[in-house]
Structures are given as structure tokens and as C-alpha cells.
Amino acid sequence: GEFFPLRGHVAAGKSRFDVDGTMADLFRPSGMDAKVRLTGVSLSDLQPFTRVPLPASRPYKVETRLRQRKDEFSFAGSRAQIGGTDLSGEVSVNQSGKRPMLRAELRSVSVDLSDFGSLSSLAHAPGSAETTSAGAAAEKVAGLAEKESSRSGRILPSGIINIEHLSALDAHVSLDATRLTASDLPALESLSFSADLENGILKIKPIHVGLAGGRVTGSLTLDGRQQPASVHAKLQLQGI
């Protein structure tokens, strides 16, 4: 329970965590106030260390000020680079409840969905990349989605939507991305939304999407508590 100064790093495989600040209880930390830096080849490599599901991704670098009080974590002044995607903002995680509660207010100048392999896997059946490394899986999934889109001529990919992670945590997340690109969805231009996830129900309201020279606004609710999942969307399209 006593804080002491700490400076050093922890490495696990190709992931590295650098810290400079103060900490309480070294092996099972109960408190921390420190500047931290996290780097690695894929966010999914961190899955063994967190209850929050993380996607396969391209190489990343995250810098933030981490404050921890038992099961509550806050990340202030966060800056992240994941492949060609930049993100900044404030993030907090509370793990004291039945499910982790994630809160995030994020901004970005440019988001490339291909940097997040498993987020681009709407056209990808789960499990087919299990034998590859996380980074290779991200590249493979993005490539599969691009081939699927070009072969079918569709604007949106067809295939299985994996929603098994919806019940893994609760969340309130907002994102404002000035420029949005996706190899399998070339008509996308920008994205802004606020989303609430509670007990397997995802509500996104409002949504603002720049699409094909125009704009899509509205709301969407996805109920993942049943199979198949149910979706209710109300969208207005202008100038597309």
C-alpha cells in the first residue's frame, strides 16, 4: 500500500512497457501514477494481461499518463500510433464490476481500418487466421476483405459478423475521425459517433459518416444477447 519511485521496463515477447513514476505493490500493483510507453507488433498480444478484448493490429506505440487506484485505471493525455492511424484523448477502465467498464473520448486526424485486422473482419469467418501471428492475421484479414469487396462489386462486405465480444465488457466510447479510409470500403471518408455498450446491447447515437461525397446520419442498435443478433437502424443519406 506504500508508493515508491519506479523507473524501468517490462518485456513480453515483442511487447514492451516502459514506466517512470510512482507505484504501490510491485508484483500486484494496487496504485500507480506514472508516464508510460507501450510498444509492440499487435495489440492482441496483450490479451493474456487484460480482461478487455483487443484486436489484432499492425505495430503500435502508445504514450500516456497512467493513474491506477486498485481496479480503476485512467489514461490522460493519451497518444497512440497504430500502423498509419493516429489517436489521442482520454481513456479509463474500471474492472471492479461484473464486466470491465471502458470509457474513452478519442480524436483522430486519420484512421485506416486496415490497421485493425479483426475490426475489418466482417467478411471473414472466425478462426481461419488462428494459426498465424497476430500481425500476419491483421494483414491477411484486410487482404481477404479487399478481395471479397472487389470480387463481389459490393459497397459493403458480405459474410459473418463476429459479435462474441459484445458481452465481454460495458463501454461508453466517442470518436471523431477527420479522415477515414478502408481498403474494403473505399467510399468511406470520415466518421464521428458516440456509442454505449451495456449487457450485450450496443447503441450508437448519433452517427455521422462521410460517404461517397455525401453524408450519413442517424442511429443504430445491435442486440447481441441472442443468435442471430437483431439490428435496428435509422439512417438519413444526403448528397451521396
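Above this note sits the structure.
Rules and cut-offs
- Residues numbered from 1 in each chain as written.
- Predicted model: local features only at pLDDT ≥ 70, side-chain atom pairs only at ≥ 80, totals over all residues.
- Heavy atoms only, no water.
- Helix = DSSP H or I, 4+ residues; strand = E, 2+ residues; numbered from the N terminus.
- Buried < 20%, exposed > 50% of the residue type's maximum accessible area, 1.4 Å probe, protein only.
- Contact = heavy atoms within 4.5 Å.
- Areas by Shrake-Rupley, 256 points an atom, 1.4 Å probe, with all protein chains shown as cover.
- Core = buried A, V, L, I, M, F, W, Y, C linked by side-chain atoms within 4.5 Å.
- Pairing = 2+ DSSP bridges.
- Axes fitted to C-alpha atoms, helices over the stretch in contact; angles between N-to-C directions.
- Salt bridge = Lys/Arg side-chain N within 4 Å of Asp/Glu carboxyl O.

Asker: Help me out: how do you make sense of the overall build of the protein in this one?
Answerer: Of the regular secondary structure elements, the protein holds one helix and 12 strands. Residue burial in the protein is summarised as follows: out of 240 residues, 36% are buried. In the protein, the share of contacts with a sequence separation of at least 24, taken over all contacts with a separation of at least 6, comes to 43%. Surface accessibility of the protein: about 13,900 Å² in total, with carbon and sulfur atoms responsible for 55%.

Asker: So what exactly am I meant to see when it comes to the nonpolar core here?
Answerer: Where a protein is soluble and globular, its nonpolar side chains tend to be buried together. Counting 31 residues, the largest nonpolar core has Ile82, Leu102, Leu166, Leu188, Leu197, Leu202 and Val209 as the members making the most contacts within it. Of all elements in the fold, only strand 5 (72-82), strand 6 (85-94), strand 7 (101-112), strand 8 (170-181), strand 9 (188-198), strand 10 (201-211) and strand 11 (214-223) reach the threshold of two or more residues within this core. Looking at this core element by element, the count peaks at five residues for strand 8. Within the second largest apolar cluster, six residues are counted, among which are Met23, Ala34, Val36 and Leu66.

Asker: Where do I start with the environment of Glu105 in this structure?
Answerer: Secondary-structure assignment places Glu105 in strand 7. Expressed as a C-alpha distance, the spacing of Glu105 and Ser88, which sit 17 residues apart in the sequence, is 8.4 Å. Ignoring anything within four residues of it in the chain, the contact list for Glu105 reads Ser88, Gly89, Glu90 and Ser174.

Asker: Where do I start with the pairing of strand 9 in this structure?
Answerer: Consecutive side chains along a regular strand alternate between the two faces of the sheet. Direction of pairing for strand 8 relative to strand 9: antiparallel, over a ladder of seven bridges. By the bridge assignment, Ser174 is partnered in strand 9 with Ser194. Between strand 8 and the antiparallel strand that follows it, strand 9, lie six residues. As judged from the nine bridges shared by strand 9 and strand 10, these two strands associate in the antiparallel manner. Residue pairing across strands places Asp196 opposite Lys203, the latter belonging to strand 10. Between strand 9 and strand 10, which pair antiparallel in sequence order, lie two residues; one of them, Asn199, sits at a positive phi of approximately 55°.

Asker: Please clarify how the sheet that holds strand 5 should be interpreted in this entry.
Answerer: Taking strand neighbours across the sheet as the criterion, the 12 strands line up as 1-2-3-4-5-6-7-8-9-10-11-12 in an open arrangement whose pairing is mixed. The outermost strands of the open sheet, each flanked by one partner alone, are strand 1 (3-12) and strand 12 (230-238). Direction aside, the axes of adjacent strands within the sheet are offset by 10° on average. The pairing of strand 10 with strand 11 spans nine bridges and is classified as antiparallel. Each bridged residue has a counterpart across the sheet, and for Val209 the counterpart in strand 11 is Val216.

Asker: For this particular structure, what's the right way to read the pattern of salt bridges?
Answerer: Where charged atoms of side chains with opposite charge meet at close range, the side chains can pair. Evaluated as defined, the whole model comprises eight salt bridges. A salt bridge links Arg79 to Glu63; its shortest N-O distance comes to 2.9 Å. You can see Arg79 sitting in strand 5 and its partner Glu63 sitting in strand 4 (residues 60-69), a full 16 residues away along the chain. A relative accessible area of 26% places Glu63 in the partly exposed class. Among the salt bridges present, the one from Arg225 reaches Asp223, with a minimum N-O distance of 2.9 Å. Using a relative accessible area of 55% as the deciding quantity, one classes Arg225 as exposed.

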